[in-house]
Amino acid sequence: MDPAGHKYFTVIDYVIFGLLLVASMSIGLYYAFTGGRQSTTQEFLIADRSMKCLPLSLSLMATFQSAVAIIGTPAEVYAHGTQYWFIGCSYVLGLLIPAHIFIPLFYRLHLTSVYQYLELRFCKAVRICGTVTFIFQMVIYMGVGIYTPALALNAVTGFHLWGAVLATGLVCTLYTALGGLKAVVWTDVFQTVVMFTGQLAVIIVGVHQAGGLSEAWGKVRDGGRISGIDLNPDPTVRHTFWTLAVGGVFLMLSLYGVNQAQVQRYLSSRTEREAVMSCYMVFPCLQLALLLSCLMGLVMFACYGQNSPVEQQYITSKDQMVLYFVMDMLQNFPGLPGLFVACLFSASLSTISSAFNSLATVTMVDLIKPHYSMTEARATLLSKLLALSYGIICLAMAYLVHLMNSSVLQAALSIFGMIGGPLLGLFCLGIFFPCANSIGAVTGLSAGLLMAFWVGIGGFLTRMPSPVIPLLNSTITVPDVSENITAATAELEADRSAGLHGFYSLSYMWYSALSSCTVLIVGLIISCITGPTKGDDVASGTVYPVVKTAQSYLKPSTCCKTTAEHKQVDGQKEMNGTVKEDAGSQEETQRFLPDVELETSV
Ligand SMILES: CC(C)(CO)[C@@H](O)C(=O)NCCC(=O)O
Ligand code: NA
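Residues numbered from 1 in each chain as written. Chains lettered and ligands numbered in written order. Predicted model: local features only at pLDDT ≥ 70, side-chain atom pairs only at ≥ 80, totals over all residues. Heavy atoms only, no water.

Let us look at the nonpolar core. In this structure, F106, Y117, Y256, F325, F340, F427 and I431 are the most contacted members of the largest nonpolar core, which totals 159 residues. If we skip the residues at most four places from it in the chain, Y256 touches L60, M61, G94, L95, P98, Q262, Y266, V282 and L286. In terms of nonpolar packing, the next biggest core, distinct from the first, is built from 10 residues, F44, A360, I368 and A379 among them. (Core = buried A, V, L, I, M, F, W, Y, C linked by side-chain atoms within 4.5 Å. Buried < 20%, exposed > 50% of the residue type's maximum accessible area, 1.4 Å probe, protein only. Contact = heavy atoms within 4.5 Å.)

Given below as structure tokens:
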């Protein structure tokens with residue numbers, strides 16, 4: 001330790017961290033020089049639609065599991081107990097619905113970008129609005145993703161902040177731009193293994209340091225960190241069973257159902273069945289990731305108890321705690337700090353590379369290709385340049401995030417809810433409501449975004465630091481300040497249900513549900529006023545047949561028939577490359593699809 005309180009890396013730590021970057025880079029180079037050598041957009045953006053479900057499922061999980069989750073979740077559990085764990089309940093519906101509704105629908109339309117769907121179902125304007133919203137969401141998220149691990153590393157070890165940002169940004173940009181989606185998926189697999197190994201190692205050593213399993217368990221139980229199920233229906237309470245398990249479903253749907261980064265992986269799989277399977281297999285992976293990060297929080301509590309390093313002023317924010325813990329407790333285990341830092345950066349690399357690739361895809365497929373014709377070679381080169389430019393934008397965003405300051409986990413999940421929620425609403429409007437029209441879709445999306453930013457920014461500006469479990473406050477040394485905070489908090493509590501304040505204090509876990517429902521309601525009302533779309537005018541295969549499906553589940557005889565039909569449909573797809581819902585609608589498709597000018601493959 002030096003006077004500034006920094007804890008230093010040993011040589012072996014640097015070597016392990018360096019190995020991560022070298023290995024990731026090598027995987028990128030491997031896919032740049034094998035297979036089709038990334039010479040077509042088909043290979044670069046969608047891996048020739050040849051992926052298998054195991055790598056896909058790990059990659060699906062890795063996309064939205066960044067250093068934010070590795071650092072943020074333990075900090076949350078340390079301060080507020082295990083209530084956050086109930087978000088795991090939302091994974092059930094949050095993955096079943098994508099697997100059985102979104103994946104079959106998108107896969108059979110043979111899309112490359114999920115925003116092609118919006119043009120098929122509505123019109124070009126809706127597609128562009130959707131694309132731009134997505135770009136906005138992912139660019140902000142990338143900034144948080146790359147900045148978070150660099151900041152923690154800087155605060156605890158004194159490692160150069162922008163050096164870490166640049167190194168990861170550069171490596172990530174290179175392997176994404178060279179190796180395409182195949183490299184992105186296979187680095188995700190490798191990085192996921194590093195991520196799990198790092199967390200597991202720290203947990204095991206941490207339990208040992210805390211004096212063994214039963215000792216550690218006793219400490220977290222006595223410290224009140226094992227939360228019971230909180231069934232409080234109040235939507236303004238940050239984390240309850242309802243906000244996490246129900247609000248979380250909307251969050252999960254926006255990420256795993258309609259987010260381009262994920263849909264692109266479903267679309268890159270060899271068969272529809274394999275895409276569905278990969279979505280199923282995300283479930284145990286996500287539960288494991290959640291388990292490990294919650295355990296990490298508990299182990300930290302077992303080691304520090306109420307004397308958190310933040311209280312002792314070794315570090316300045318909750319988000320630096322995990323890394324401080326690792327450097328503090330694992331000093332006598334050379335290599336372990338390096339492994340954990342590799343784990344942290346693995347998590348972020350896998351997220352940022354997915355973001356680059358999906359952003360390059362939508363920019364190419366939705367914004368450039370429809371307007372300029374170009375040769376395949378030129379289109380592929382341009383896609384690679386796009387991946388590169390998003391790398392640079394990402395660095396710029398990291399600087400913007402540097403200027404803000406908030407709990408990273410809540411910040412990232414709020415972004416998902418505020419921008420991803422309206423996008424979820426837009427897709428649901430198209431998929432479940434045949435009567436919705438384009439004007440309704442655009443108005444609905446705008447209303448949803450407005451609503452989300454109103455409550456999000458309003459909440460950000462009015463929110464006090466959330467009260468920590470009382471015991472923690474007892475070590476604050478200046479009593480006056482502590483009293484003032486308590487008084488202010490009580491006042492805020494009293495104010496809570498009143499008017500706008502009540503609205504602003506809505507739990508951030510509801511942002512996704514609120515904004516997607518706003519899109520649906522406004523979209524439907526405007527559609528009805530401006531003349532709802534007639535059933536015949538909806539391109540077939542773009543609407544989920546809710547009534548038909550319900551009937552098929554209720555009547556056993558038709559259920560068998562549907563299965564038979566599905567088999568037939570699978571056969572057709574192999575032959576034609578596209579699929580029609582059933583024999584009757586095949587003519588309809590032919591009647592309507594030619595009107596919609598759209599390339600179904602790049
Ligand atoms: C998004 C969930 C809830 C599920 O994937 C989880 O991975 C998470 O909390 N992510 C936080 C954002 C991030 O890690 O970048
Ligand atoms: Na990740």
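The next thing to look at is the coordination of the sodium ion (ligand 2). Summarising the metal site, the sodium ion (ligand 2) is bound by the protein donors A62 (O), Q65 (O), A347 (O), S350 (OG), T351 (N) and T351 (OG1), whose distances to it range over 2.2 to 3.2 Å. One can describe the site at the sodium ion (ligand 2) as irregular: its six donor atoms subtend angles covering 59 to 175 degrees at the metal. (Donors = N, O, S within 2.8 Å, 3.2 Å for Na, K, Ca; no water. Tetrahedral: all angles 85-135°; square planar, octahedral: opposite > 155°, others 65-115°.)

Across all of its chains, the model carries 10 salt bridges by this definition. Residue R108 pairs with E272 through a salt bridge whose shortest N-O separation is 3.0 Å. Here R108, found in helix 5 (residues 90-108), pairs with E272, found in helix 12 (residues 272-304); they are 164 residues apart in sequence, far enough to count as distant. Taken individually, R108 and E272 each receive the classification buried, so the pair is uniform in this respect. Linking K124 and E119 is a salt bridge whose minimum nitrogen-to-oxygen distance equals 3.9 Å. On the accessibility criterion, K124 (35% relative accessible area) is partly exposed. One continuous salt-bridge network, built from bridges that share partners, spans E119, K124, R127 and D366. (Salt bridge = Lys/Arg side-chain N within 4 Å of Asp/Glu carboxyl O. Helix = DSSP H or I, 4+ residues; strand = E, 2+ residues; numbered from the N terminus.)

So, about a nonpolar patch on the surface. On the surface, a nonpolar cluster with roughly 450 Å² of combined accessible area is contributed by L29, F33, L170, L174 and L178. Put simply, the parts of the chain that give the nonpolar patch at least two residues each are helix 1 (11-33) and helix 8 (161-209). A total of three residues in the nonpolar patch trace back to one element, the largest contributor, which is helix 8. (Patch = residues over 30% accessible without salt bridge, like charges linked within 9 Å, V, L, I, M, F, W, Y side chains within 5 Å. Areas by Shrake-Rupley, 256 points an atom, 1.4 Å probe, with all protein chains shown as cover.)

What follows is about helix 11 (residues 260-267). Across the eight residues that make up helix 11, a large majority, eight, are buried. Turning to helix 11, its buried residues are Q260, A261, Q262, V263, Q264, R265, Y266 and L267. Between the side-chain oxygen of the N-cap and the backbone nitrogen of A261 there are 2.9 Å, and the N-cap of helix 11 in question is N259. (Polar contact = N/O pair within 3.5 Å; in protein donor to acceptor, adjacent residues only side chain to side chain.)

Averaged over all residues, the pLDDT of the chain is 84; the fraction at 70 or higher stands at 85%. Across residues 470-482, where pLDDT falls below 50, the model places nine contacts with residues more than four positions away in sequence or in other chains. Long-range and interchain partners of residues 558-602, a stretch whose pLDDT sits below 50, account for 60 contacts in this model, where long-range means more than four residues apart. Listed scores for the predicted complex are pTM 0.85 and ipTM 0.97. (pLDDT = per-residue confidence, 0-100.)

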